[in-house]
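The chain contents come next:
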Amino acid sequence: MTRPTSIALVLVCLVAWATVVSAQDDDSFAKYGQEFKGKIAENYTDSEEWWPSSPQPPEGTPNVIIFLLDDTGFGHLGSFGGLIDTPHIDSLAMNGLRYNNFHTTALCSPSRAAIMAGRNHHRIGLGSHSLTAMGFPGYNAFPPESAKSVAKHLQHAGFVNYAVGKWDHTPLYEVSESGPFDRWPSGEGFDHYYGFMAADADNYRSLVWRDHYPIEDWTDKPGYHYSEAMADETIRNITSHVSVSPDRPFMMFWAPVAMHSPHQAPPEYIERYHGEFDQGWDAAREEIHRRQLDMGIIPPGTQLTERTTEIPAWDTMNPEEQKLYARQMEVFAAMLTHVDEQIGRIIATLERTGQLENTLIFVTADNGSSGEGGLAGTFNETYVLNGLQTPFDANMEHYDEWGGASTYAHFHAGWALAGNTPFQYFKQIVHRGGIQDAMVVHWPAGIEARGEIRDQYHHIIDIGATILDATGTEFYAELDGHEQMPLDGVSMAYSFDAPEAPTQHPEQYYELFGNRAIYQDGWKAVTIHAGRMPWNLNKVAPFEDDVWELYHIDEDFSEANNLAAQHPEKLEALKARWEELAWENNVYPLYDDMIQRVAKQQDRLFGDRKEFVYYSPGARRIAEKASPPVKGRSHSIESTLQLTGKEEGVIVACGGFTGGYTMFIQNNRVYYDYNYYNGLYYSLESPKLPKGEVNLRFEFVEDGGATAGIPGGHAELFVNGEKVDEVAMPEMHVSTFSLSETFDVGIDAGTPVTDKYKVTNHFPYTGELDKVVVKLID
């Protein structure tokens, strides 16, 4: 070959190589760092464009909405025999399906984690509430990366995901602007979040988050109610989504405060139910039971269970007690009707945007109705959170404003029992009263049946599997580099148009706070640990002393007849199977001392730390459980300020109107107020403050208090090292000021700790505030 010919061939090869470069080559990613299936030439004419694309579900893929009510019993909704008006949910039921054999974990945090993960709650670290976490795989409140939520799968498939409302299974010490955010909605596959990251929230002065940013959008809005704000947000989400991305499906998780405490409703809704519950809970149970039988939501012959022993008969109470307790139920009913109307607003938006027909809608609750209000109800749930019962007279003082902004109300456990008709017991307990909930499924484009009842046994972990099945979404064996454990739940879609199909979920274990149960092929073994009711969690006892019961659910829908004595061999077989499943699902170790569980978590969080320094203005919206652990401990709170005599406002505050402490300047004096129960304040006040650099210090010495088991001591207030006031504080909170209020420097977020100032603007400190130092004193 001559040299010119050789050069020519080389040039031809080089031109060919430079003219056409395809990303289909094996090394395309090495060349471009991305996928490319076009052609690149020296000039545009000889090149071919190619665009990467985002995942897109197939045309016709349905949207999904989960309406997850809180603490709502099987017998509360009108379409399940209830006495409360819920026309919008009932309309979904009459045009969809009602499942009368649907179950939960018996508590909020575990159910909410399980509904998204599609796996048993102990397998994902939520064996109990995140507040009572322990350092074991079943209880650490750290869902593993191998158990990502169904929302994450949908997100990878091209859905846009929205979460609105309650999200309380993230450990509270991670709820701040610094995260970490792995266990926030954003870490679980939600693109947008608007809600509260706590067990409950004040409906009138709500502390919420928009994605990772804290907001309080109730300010300067007369008549604000959080359920309405949630509906407003959802309507905005839906109309925005459909306007911009009509071809992309969305998933919405909608979880209101309702019907958790605080029971709060607009006054016109409360007035609507005036006198409607004067008959009491015994007559209400009987009426709900009759309605359930008439509509076929419970099988013919289902017995109404006996009233729980601890609940008094309505007729044995005096007129004043009946008056108060009827009022408590009126407020509860008003709140449920009010939230039903907000759901109706969302449904109307789906209809006007053309989305209702092809949106798969679930309506259910996280557990049965709550007996945590105890045997008197409470105007302030902080009593319950600290292991106390609210005195009747203290409740009665708040009769007229019950359900308004000055109460954080919960009803008597007798009404919870009525809401769980025809079953026994309450939330936390794994008899059917605690775990069985109404379930409505509505999807006109995907379900032919209308208004029918399904009796297949199912569990809240089945919702995720149903969503993947109905939307045709792939279960990703690997997500974000982590191999995913299989789902425990099964799809319910097989039953949509097959009423006689046998259940595909024939076995399920339960455990919550030591209460245990197992369902298998129509039989159920169950025990209440230590006979403990939800209003008495301080009781501990050996687990081996618990008495197990046996029910044949297929023939005894309401668990009315304990067959343990007649079928001891069946009971032992089920107990043995429970033991196997417990080991398979991370249920062990069992531990029943809730106070110690909370204390141990606090010790782990803070260790030997004695000093806490918080800088303004960033030290705000810090969860109470992540704030300095001062309850029952000697401590000081100190700040040095430059004063001109014109400054006012909050230096530091923790808690709200249900309980807490605040240190603030007003009228050129410094105050420390400790808000105990029912308007009892321990207050310290200084003389007029000097100008210039001023050191302010509050000091508390714990001395055992006046009542066994309740902390207390003596407090002093210092200005520039000189004691200016002192007060005895004989009783103080054991564990909790509030489930939702926060620790804040420079403002009092949410509700006011003291009635000495108003919090329409959070009473911000108007001077220069550098830092606040809290020290634990040995």
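Located above this text is the structure these notes cover.
None of these values were measured; they are calculated from a predicted model. (Residues numbered from 1 in each chain as written. Predicted model: local features only at pLDDT ≥ 70, side-chain atom pairs only at ≥ 80, totals over all residues. Heavy atoms only, no water.)

Asks: Quick one: what's the story with the environment of Asp232, residue by residue and with numbers?
Replies: With respect to the helices and strands, the residue Asp232 is situated in helix H6 (residues 226-244). Residue classification places Asp232 among the partly exposed residues on the basis of a relative accessible area of 42%. Placed 497 residues apart in sequence, Asp232 and Met729 show a C-alpha to C-alpha distance of 44 Å. (Helix = DSSP H or I, 4+ residues; strand = E, 2+ residues; numbered from the N terminus. Buried < 20%, exposed > 50% of the residue type's maximum accessible area, 1.4 Å probe, protein only.)

Asks: Give me the packing of aromatic side chains: which residues, what numbers.
Replies: Tallied over the full model, the rule gives 45 aromatic pairs. The interplanar angle of 65 degrees and the centroid separation of 5.8 Å between the aromatic rings of Phe379 and Tyr383 together place this pair among those described as edge-to-face. We note that Phe379, like Tyr383, is buried. Cluster of aromatic residues (ring-pair linked, three or more members): Phe379, Tyr383, Tyr661, Tyr672, Tyr674, Tyr676, Tyr677, Tyr682, Phe698 and Phe737. Directly above the ring of Phe657 sits Arg205, whose terminal nitrogen or CZ lies 5.1 Å from the centroid. Lying over the aromatic face of Phe718, Arg697 brings its terminal NZ or CZ to 4.2 Å of the ring centre. (Phe/Tyr/Trp six-rings, centres within 6.5 Å; stacked < 30°, edge-to-face > 60°. Lys NZ or Arg CZ within 6 Å of the ring centre and 35° of its normal.)

Asks: Account for the nonpolar core, with residues named and values stated.
Replies: Counting residues in each nonpolar core, the largest one holds 175 residues, and the members touching the most others are Trp415, Phe426, Met663 and Leu696. For Met663, the contacting residues outside a window of four places in its chain are Ile637, Val650, Ile651, Val652, Val670, Tyr671, Tyr672, Leu696, Arg697, Phe698 and Leu717. The next biggest cluster of nonpolar side chains, apart from the first, holds 18 residues, and it includes Tyr509, Ala525, Leu550 and Leu563. (Core = buried A, V, L, I, M, F, W, Y, C linked by side-chain atoms within 4.5 Å. Contact = heavy atoms within 4.5 Å.)

Asks: Just give me the short version of the packing of helix H3 (residues 87-94) against helix H9 (residues 319-352), but keep the residues and values in it.
Replies: For the pair H3 and H9, the least separation of the axes is 7 Å and the interaxial angle reads 55 degrees. Relative to H9, H3 is oriented oblique. For the pair formed by H3 and H9, the contact residues are Pro87, His88, Ile89 and Leu92 on the first element and Asp340, Glu341, Ile343, Gly344 and Ile347 on the second. (Axes fitted to C-alpha atoms, helices over the stretch in contact; angles between N-to-C directions. Parallel < 35°, antiparallel > 145°, perpendicular 65-115°, else oblique.)

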